Amino acid sequence: MYPLIRNRRLRQNESIRRLVRETIITPDDFLVPLFVVEGKGIKEEIPSMPNYYRMSLDILENEVKDLWQMGLCAVLLFVKVPDNLKDNQGTEALNPEGLMQRAIKTVKDSCPDMLVMTDVALDPYSSYGHDGIVAEGQILNDETSEVLAEMSVSHAQAGADFVAPSDMMDGRILTIREALEDEGFQNTGIMSYSAKYASAFYGPFRDALDSAPVDIENVPKDKKTYQMDPANRFEAIRETQMDVDEGADIVMVKPGLAYLDIVREIKNEVDVPVAVYQVSGEYAMLKAAAEKGWLDHDSVMMEQLIAIKRAGANIIASYFAKDVVRLMG
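Note that the coordinates shown come from a computational prediction; the quantities given were computed from them, not determined experimentally.

Each value, and the rule that gives it
Residues numbered from 1 in each chain as written. Predicted model: local features only at pLDDT ≥ 70, side-chain atom pairs only at ≥ 80, totals over all residues. Heavy atoms only, no water. Helix = DSSP H or I, 4+ residues; strand = E, 2+ residues; numbered from the N terminus. Rg over C-alpha atoms; globule rule 2.2 N^0.38 Å. Buried < 20%, exposed > 50% of the residue type's maximum accessible area, 1.4 Å probe, protein only. Contact = heavy atoms within 4.5 Å. Areas by Shrake-Rupley, 256 points an atom, 1.4 Å probe, with all protein chains shown as cover. Lys, Arg positive; Asp, Glu negative; His and termini not counted. Charge placed at Lys NZ, Arg CZ, Asp CG, Glu CD. Axes fitted to C-alpha atoms, helices over the stretch in contact; angles between N-to-C directions. Parallel < 35°, antiparallel > 145°, perpendicular 65-115°, else oblique. Left-handed = near helix turned anticlockwise from the far one by under 90°. Nonpolar A, V, L, I, M, F, W, Y, C, P; charged D, E, K, R; others polar. Phe/Tyr/Trp six-rings, centres within 6.5 Å; stacked < 30°, edge-to-face > 60°. 1 Å grid on protein atoms, 1.4 Å probe; cavity = no way out; pocket = protein on both sides within 12 Å on 5 of 7 lines; lining within 4 Å. Points joined across faces, edges and corners; volume = space filled by probe spheres on them. Salt bridge = Lys/Arg side-chain N within 4 Å of Asp/Glu carboxyl O.

Draft legend 1. Focus on the overall build of the chain. Within the chain one finds eleven helices and twelve strands. For the chain, whose C-alpha radius of gyration is 20 Å, the value lies close to the compact-globule estimate of 20 Å for 329 residues. Considered along the principal axes of its C-alpha atoms, the chain spans approximately 70 × 45 × 40 Å. Buried positions account for 54% of the 329 residues belonging to the chain. Counting only contacts in the chain whose residues sit at least 6 apart along the sequence, the fraction spanning at least 24 positions is 73%. Roughly 15,200 Å² of accessible area belongs to the chain as shown, and the carbon and sulfur atoms make up 48% of that amount. Within the chain, the 54 negative side-chain charges are centred at a point lying 11 Å from the centre of the 34 positive side-chain charges.

Draft legend 2. Just the packing of helix α2 (residues 57-70) against helix α11 (residues 321-328), in detail. At their nearest, the axes of α2 and α11 sit 11 Å apart, and the two run at 40° to each other. If you check the angle between α2 and α11, you find them oblique. In this structure, α2 meets α11 at a crossing whose hand is left-handed. In contact with E63, L67 and M70 of α2, α11 contributes K322, V325 and R326. Residue composition of the contact of α2 with α11, grouped by class: three nonpolar, no polar and three charged.

Draft legend 3. Just the packing of aromatic side chains, in detail. Summed over all chains, the structure comprises 13 aromatic pairs. Ring centres of F35 and F205 lie 5.6 Å apart, and the angle between their planes is 65°; this geometry places the pair in the edge-to-face category. Here the residue F35 occupies a position in strand β1 (residues 30-36), and F205 occupies one in helix α6 (residues 203-209), the gap between them amounting to 170 residues. When its relative accessible area of 1% is taken as the criterion, F35 is described as buried. For F205, a relative accessible area of 9% corresponds to the buried category. Ring centres of Y277 and Y319 lie 5.9 Å apart, and the angle between their planes is 50°; on these two criteria the pair is classed as tilted. In this pair, Y277 is assigned in strand β11 (residues 274-278) and Y319 in the loop between β12 (315-318) and α11, connecting sequence segments 42 residues apart. Grouping residues by exposure puts Y277 and Y319 together as buried. Three or more aromatic residues link up through ring pairs in this structure, and these residues are F35, Y52, F78, Y193, F205, Y277, Y283, Y319 and F320.

Draft legend 4. Highlighting the side chain of D123. With respect to the element layout, D123 can be found in the loop between β5 (115-120) and β6 (133-135). A residue is classified by how much of its surface remains accessible, and D123, at 6% relative accessible area, is buried.

Draft legend 5. Here's a closer look at unusual backbone geometry. Look at the link from Y2 to P3: it is a cis peptide, with omega at 10°. Mapped onto the secondary structure, P3 falls in the segment before α1 (14-19). Residue K254 is joined to P255 through a cis peptide bond whose omega torsion reads 0°. Tracing the backbone shows P255 in the loop between β10 (250-254) and α8 (260-269). You will see that N51, though not glycine, has its phi angle at about 70°, which is positive. With respect to the helices and strands, the residue N51 is situated in strand β3 (residues 49-55). At E136, a residue that is not glycine, the phi angle is positive and equals roughly 50°.

Draft legend 6. Region of the structure containing the packing of helix α4 (residues 141-158) against helix α5 (residues 172-182). Where α4 contacts α5, the axes come no closer than 8 Å and their chain directions differ by 40°. Of the possible angle classes, the one that applies to α4 and α5 is oblique. Relative to α5, α4 is oriented so that their crossing is right-handed. Listed contacts from α5 to S145, E146, L148, A149, S152, V153 and A156 of α4 are R172, T175, I176, A179 and L180. Grouping the constituent residues of the contact of α4 with α5 by class yields seven nonpolar, three polar and two charged.

Draft legend 7. Structural context of the layout of surface pockets. When its volume is computed, the largest pocket comes out at roughly 210 Å³. For the lining of the largest pocket, the secondary structure elements donating two or more residues are β1, β3 and α11. Among the elements that make up the lining of the largest pocket, the one with the highest residue count is β3 (four residues). Here the residues of the lining of the largest pocket sort into seven nonpolar, one polar and five charged.

Draft legend 8. Molecular detail of the pattern of salt bridges. Tallied over the entire structure, the rule returns 20 salt bridges. We note a salt bridge from R17 to E14, for which the minimum N-O separation is 3.1 Å. Linking R17 with E14, this pair stays in helix α1, spanning three residues, or about one helical turn. Exposure remark for R17: the relative accessible area of 32% places this residue in the partly exposed category. Among the ionic pairs, R177 bridges to D249, the shortest N-O distance being 3.9 Å. Of the two residues, R177 sits in helix α5 while D249 sits in the loop between α7 (234-246) and β10, which places them 72 residues apart along the sequence. A residue is classified by how much of its surface remains accessible, and D249, at 34% relative accessible area, is partly exposed. Each of E14, R17 and R21 takes part in salt bridges that share partners, so that together they form one network.

Here it is as structure tokens:
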């Protein structure tokens, strides 16, 4: 008891604080999201995500090499699909020479040891901007899952190490796992977006990929019938446990900061690695506040990431990954 015990003894200088620090961020914590577009020599900044870019395959090749040199060892690929290739069935997603398939090969050819994870959902390929097939004002669950399974096999054939279903269809992990097994891809992993909430934090991401739901008759105006209600806590545990039971190797909570209670709940419940996606809105808010001089960018960035890891994240998908590594020197 006080005064024999004085907690401040372990805070009195930086050396002792470093020695007893419980949560430490390293480059190994990060999964780096990358946005890919058609063309050549393209590196275009995303207006709502300052200092983050869409890039063509030739630029992607150099970017991946730079990431590897920085000590970052895993990427998560997303593609911006031209409008003329979009339809309600996600047909282009299954094209063996599609942009995603070529992006996977580009990463593996340029940096064979880089871990490649791929986004599996229909919204980049959908003429309606939804993660599934639309019919009579509904998002079809089972029909969508079958397409996602074919999509996952296509990514595995191109060289993906993990597929990352971000759609939130019921039962899709089992459908994908069985398809991968049937095609001989027993070692291709699944990182499931298990607790993905219908969040307002996704706006800049949808700008980056032009993947927001369209506002037309007989098409749902949002994704609330398949993404989770932000008010729900126990549902996240049920969703995640089901994905683990169906064969998910890694589970994810998305978004990050507003859902750290969910991260801890899930970490306490499952025996697989837990990923957290620090989403585009979280990134954009800090960039905007720092530009105004209202927040210290680097200090807040590190505090946010430490909070995510402290809550239980084994993996952090973050647009700040390069900023953090540069800051760490």
